[in-house]
Amino acid sequence: VRIGVVGKYVELQDAYKSVYEAVIHGGVANDCGVEITRIEAEDIEENGAAETLEGCSGILVPGGFGERGTEGKILAARFARENNIPYLGLCLGMQIATIEFARNVAGWKDANSTEFTHDTKHPVVGLITEWINAEGKIELRDAASDLGGTMRLGGQVCHLAAGSKAREAYGADEIVERHRHRFEVNNQFIDELEAAGLVISGKSVDQSLVEVVELADHPWYVACQFHPEFTSTPRDGHPLFSGFVNAALEHKTARTRAHAAPQE
């Protein structure tokens, strides 16, 4: 099964090594071989998602920082969502999925993260310190003033929603996963995003921060704020990677059968 990993450091051999290994572990869990295709996000911006991602049975956007390649990653997330291709987003990959959904489903064409721009009326991702001011209104401050102090690090408890794909994959109501990030989904937009169909399937133990998002009407579209690749092992794999590869395998099988069916 072919998995496309969309990033901006794919030319560097070890940049996403833990992600690649976790995908392979997911293949072991499903007793199938995995072919990882490293895809430069800027190539998608230049050539389009359909051409660049052709043949992928699963699309993964890993973590990262910085604006370069962001629009290519957003195009990849949209391609996966619109074509029912299994998608797994990790850290920035979850923020990318949220931005894409906000733009193309909720209809906020300027939606973005304040990591990339403050020129937006819909900062659906930002620093917690940017969300509200004393009057409870959205306030876009200079993020440089918050460097370091807003980083979420280490293992943290996440509560999973009943009936969600994430809950089914883990087989548990609460999990502990490792974090390393500064930006979060902006709580001021959650109600409207949920009304548009985004499922918030994981939250911090105090219910204050979004940890997992997914789509109910998609074979597998799951994205998490944490880094599950750090706890994957060859013997046990990781529930999210195993579920993702299983969905990709099912997608490939269905596509193969469709192409083999007699044409009327």
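Note that the structure is predicted; figures quoted are calculated from it, not measured. (Residues numbered from 1 in each chain as written. Predicted model: local features only at pLDDT ≥ 70, side-chain atom pairs only at ≥ 80, totals over all residues. Heavy atoms only, no water.)

> Go over the pairing of strand E4 (residues 87-90), please, and point to the residues and values.
Here E4 shows a buried face lined by Tyr87 and Gly89 and a second buried face lined by Leu88 and Leu90. Two elements, strand E3 (residues 58-61) and E4, share three bridges in a ladder whose sense is parallel. Note on E4: the bridge partner recorded for Leu60 is Leu88. With helix H4 (residues 70-82) bridging E3 and its parallel neighbour E4, the resulting β-α-β unit is right-handed. (Buried < 20%, exposed > 50% of the residue type's maximum accessible area, 1.4 Å probe, protein only. Helix = DSSP H or I, 4+ residues; strand = E, 2+ residues; numbered from the N terminus. Pairing = 2+ DSSP bridges. Right-handed = clockwise from strand over helix to strand, strands pointing away.)

> A description of helix H1 (residues 17-29) should follow, citing residues and the corresponding values.
With 13 residues, H1 should cover 18 Å at 1.5 Å per step; its first-to-last C-alpha distance of 19 Å lies within 8% of that length. Among the residues of H1, those classed as buried are Val19, Tyr20, Ala22, Val23, His25, Gly26 and Gly27. Tucked into the core, H1 has its buried residues touching strand E1 (2-7), strand E2 (35-40), E3, E4 and helix H9 (239-260). Asp31 lies just past H1 and shows a positive phi near 55°. (Expected span 1.5 Å × (residues − 1). Contact = heavy atoms within 4.5 Å.)

> Run through the pairing of E3, naming residues and quoting values.
Here E3 shows no split at all, with Gly58 and Leu60 on one side and Ile59 and Val61 on the other all buried. In terms of strand pairing, E1 meets E3 through three bridges, oriented parallel. Bridging across to E3, Gly4 finds its partner in Ile59.

Keep in mind that these numbers describe shape and distance, not what the molecule does.
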